[in-house]
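# Close look at the chain arrangement
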Amino acid sequence: VNIIERTEKLRSKLFQVNKDSLSNKRFEDLALMINDLEENFIEKCAELSETLILGDIAKFAKELKNISQKYDCENLSSYADNMLEKLKMMDIVQLNNYLDYFPILVNDIKNIISEEE
């Protein structure tokens, strides 16, 4: 399976970005959020994907939830809620998929923002 097919599979199975919920946000706020995610979460997510330590994943998901509230981003909030739900169910396979998907999610939001500009 090539990377594009895997990306589309993750998008369709896990999470679809809701463009409408982004369109009414201030560009500056969304740009700050993307910057925050890229600087503080992408690398951490890659590490978690390798270690799969549930306590660390829970902390990561809660931090994402806080960021989603700070920037009022429903997409990020839903994504974090989904991760927390998978943690409760101890669904390691799905958690790993969500971790793999995180950089794609950030990129999707970034692309939507650039279209809105």
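Coordinates for the structure precede this section.
### Remarks on the overall build of the protein chain
Each helix and strand in the protein chain was counted, giving 7 helices and 0 strands. Listing each helix as α and each strand as β along the protein chain from the N terminus yields α-α-α-α-α-α-α. Evaluated residue by residue, the protein chain yields a buried proportion of 42% over its 117 residues. For the protein chain, contacts bridging at least 24 residues in sequence account for 72% of all contacts bridging at least 6. Only carbon and sulfur atoms are counted for the fraction: they give 48% of the accessible area of the protein chain, which is about 6800 Å².

### Some words on the side chain of Ser49
Along the chain, the position of Ser49 falls in helix H4 (residues 42-51). The contact partners of Ser49, leaving out residues within four places of it in the chain, are Asn96, Leu99 and Asp100.

### Re helix H6 (residues 74-88)
In a regular helix each residue adds 1.5 Å, so 15 residues correspond to 21 Å; H6 covers 21 Å between its end C-alpha atoms and thus fits that length. For H6, every residue scored as buried is listed here: Asn75, Leu76, Ser77, Tyr79, Ala80, Met83, Lys86 and Leu87.

### Considering the environment of Met33
Within the secondary structure, Met33 is located in helix H3 (residues 27-40). Distance from Met33 to Asp72, taken between C-alpha atoms, is 9.6 Å for residues 39 residues apart in sequence. If near-sequence neighbours (up to four positions away) are discounted, Met33 is found in contact with Ile67, Tyr71, Cys73, Leu76 and Ile109.

What counts and what doesn't
- Residues numbered from 1 in each chain as written.
- Predicted model: local features only at pLDDT ≥ 70, side-chain atom pairs only at ≥ 80, totals over all residues.
- Heavy atoms only, no water.
- Helix = DSSP H or I, 4+ residues; strand = E, 2+ residues; numbered from the N terminus.
- Buried < 20%, exposed > 50% of the residue type's maximum accessible area, 1.4 Å probe, protein only.
- Contact = heavy atoms within 4.5 Å.
- Areas by Shrake-Rupley, 256 points an atom, 1.4 Å probe, with all protein chains shown as cover.
- Expected span 1.5 Å × (residues − 1).

These figures capture arrangement, not role.
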